[in-house]
Protein chains: 2
Amino acid sequence: MAERPLAVVLASGGLDSCVATAIAATDFDLAMLHANYGQRTQARELAAFRALADHFGAGHRLVVDLPYWQQIGGSSLTDPTLPVPQDLPEQGRVPSTYVPFRNANLLAIAVAWAESLGAAAVFIGAHASDSPYPDCRPAFFAAFRRVIALGTRPESRLRLETPLIHCTKAEIVRRGIALNAPLALTWSCYQGQELACGRCHSCRLRLQAFAAAGQPDPLPYAVPVSGQ
Amino acid sequence: MAERPLAVVLASGGLDSCVATAIAATDFDLAMLHANYGQRTQARELAAFRALADHFGAGHRLVVDLPYWQQIGGSSLTDPTLPVPQDLPEQGRVPSTYVPFRNANLLAIAVAWAESLGAAAVFIGAHASDSPYPDCRPAFFAAFRRVIALGTRPESRLRLETPLIHCTKAEIVRRGIALNAPLALTWSCYQGQELACGRCHSCRLRLQAFAAAGQPDPLPYAVPVSGQ
């Protein structure tokens, strides 16, 4: 088999990045990158990342600790004194779970690692369709592509791939199932510990997506959820 | 005195960021940000940062540890097994001291902190004139401004200021002297420990700049240098 190019994949351990990893794995060898930034379910997300990296047989793995994100604050996802909202976010409003400029920070680390490894691409599983976060929009990633082109060595020619950017969450679930992605290993909840809470807006979006895709969510929940 | 707006300043402890801080201090209250990324002279740079933050009376200070930059590697500045070049870099070539995508990483942290603090601006002392690094060019910063505008909350309206971008190093020295910036507290050397080496290309650029500005460098050097 011919040697395949390498891609760095940002892998939170969640549903979207799992499907993005499965897409990347069809053409690339994998370098999987995970960040601990003091998010509430950090240990659980890291466990999901490790299970996914094992499943995909990633040849390169990097877990970065970003403890300063707790000092930076400004988000209910990293500040334990702020409550995590249970309702779906209002249209046109950035919710308190927004972590300031998170995707720019994660992409900057991914691009640095990719440039050092000589990788051909960076993958991120972000999608704009139901996301209230400014750093999940196609225009944000288009602008970041220009920063990559201008801010790296000319010979790096690194591509930024956002294969799910125009998908709905239900389409992501369907695509994951079609690719045989290990969705049972993923973790989406903003709040739970042993079991996903089923109530935070990340759990609700996930459950709505499985329902819309007509598939049961393989993850166990702390409360009874529809479709299980 | 009316309350002044807040600016986050990226402060390495070097000459350029010292002058950028002095410029920011004329209009803004200061939030000074420093990164330990495993650079060879990390302890010395941090000491310079602290002395500068004390001098400027910065009301907010954040020192972030980025130990994963040693895992990312790819630079003679962070990899002790690679030699630091002593010659000035060749025209049109990116030298081995380039740290992959460093400025994008530092700006991403600065913008996140600025957004959380409600700051009005981020200052960076980069300049393009004699820099061989791709992430020091005006076009890179212009592209990053667009990423900031698109990737932060719409109400943040954060400005990225690069007041030295078109200055030569000699002009930066002159500007620092005109602003009474504490240049004696700064550190530029890539290699030295107690005293600056006077031989690495950062020391050489600094010494050339003081010579061109017709001013003695107040810093002591490990070897005799012209103009002292």
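This text goes with the structure placed above it.
Rules used throughout
Residues numbered from 1 in each chain as written. Chains lettered and ligands numbered in written order. Predicted model: local features only at pLDDT ≥ 70, side-chain atom pairs only at ≥ 80, totals over all residues. Pairing = 2+ DSSP bridges. Helix = DSSP H or I, 4+ residues; strand = E, 2+ residues; numbered from the N terminus. Axes fitted to C-alpha atoms, helices over the stretch in contact; angles between N-to-C directions. Contact = placed C-beta atoms within 7 Å. Buried ≥ 20, exposed ≤ 12 C-beta atoms within 10 Å, placed from the backbone. Nonpolar A, V, L, I, M, F, W, Y, C, P; charged D, E, K, R; others polar. Parallel < 35°, antiparallel > 145°, perpendicular 65-115°, else oblique. Left-handed = near helix turned anticlockwise from the far one by under 90°.

*Asks:* Describe the sheet that holds strand β5 (residues 159-161) of chain B, naming the residues involved and giving the relevant values.
*Replies:* Residues and elements named next belong to chain B. Pairing is parallel across the open sheet formed by five strands, whose spatial order is β3-β2-β1-β4-β5. Of all strands in the sheet, those bounded by a partner on one side alone are β3 (60-65) and β5. Mean inter-strand twist for the sheet, computed between neighbouring axes without regard to direction, equals 20°. As defined by bridge partners, strand β1 (residues 6-10) adjoins strand β2 (residues 29-36) across five bridges and the pair is classed as parallel. Its bridge partner lying in β2, L6 is registered against D29. Lying on the sheet, helix α2 (residues 42-56) is in contact with β2 and β3; it crosses β2 at an angle near 175°.

*Asks:* Could you give an account of the sheet that holds strand β2 (residues 29-36) of chain A, naming the residues involved and the relevant values?
*Replies:* Backbone-to-backbone hydrogen bonds pair the strands of a sheet. The strands run either parallel or antiparallel. Residues and elements named next belong to chain A. One open sheet holds the five strands; their spatial order is β3-β2-β1-β4-β5, and the pairing between them is parallel. Sheet topology places β3 (60-65) and β5 (159-161) at the edges, where each strand pairs with a single neighbour. Strand-to-strand twist in this sheet, taken as the mean axis angle between neighbours without regard to direction, amounts to 20°. Note that strand β1 (residues 6-10) and strand β4 (residues 121-123) share three bridges and pair parallel.

*Asks:* Provide a residue-level description of unusual backbone geometry, including the pertinent values.
*Replies:* Residue and element names in this part refer to chain A. The residue F101 is not glycine, and still its phi comes out positive at about 60°. Accessibility expressed as a C-beta count within 10 Å gives 30 for F101, which makes it buried. Even without glycine at this site, N180 takes up a positive phi of about 60°. Considering the arrangement of structural elements, one finds N180 in the loop between α6 (169-178) and α7 (201-213).

*Asks:* Tell me about the interface of chain B and chain A, and please be specific about residues and values.
*Replies:* Across the contact, 33 residues belong to chain B and 33 residues belong to chain A. Secondary structure elements with two or more residues in the side of chain B that touches chain A: β3, α3 (68-72), α4 (102-117) and α5 (138-151) of chain B. When residues in the side of chain B that touches chain A are grouped by element, the largest group, ten residues, is from α4 of chain B. In the side of chain B that touches chain A, the residues fall into 20 nonpolar, eight polar and five charged.

*Asks:* Let's hear about the packing of helix α1 (residues 15-25) of chain B against helix α6 (residues 169-178) of chain B: which residues, and what values?
*Replies:* Helices that pack against each other are described as a pair by the angle of their axes relative to one another and the distance between those axes. Residue and element names in this part refer to chain B. Running from amino to carboxyl end, α1 crosses α6 at an angle of 45°, the nearest separation of the two axes being 9 Å. Judged on the interaxial angle alone, α6 and α1 are oblique. Seen from above, α1 lies across α6 with left-handed handedness. On α6, the residues touching L15, D16, C18, V19 and A22 of α1 are I172, R175 and G176.

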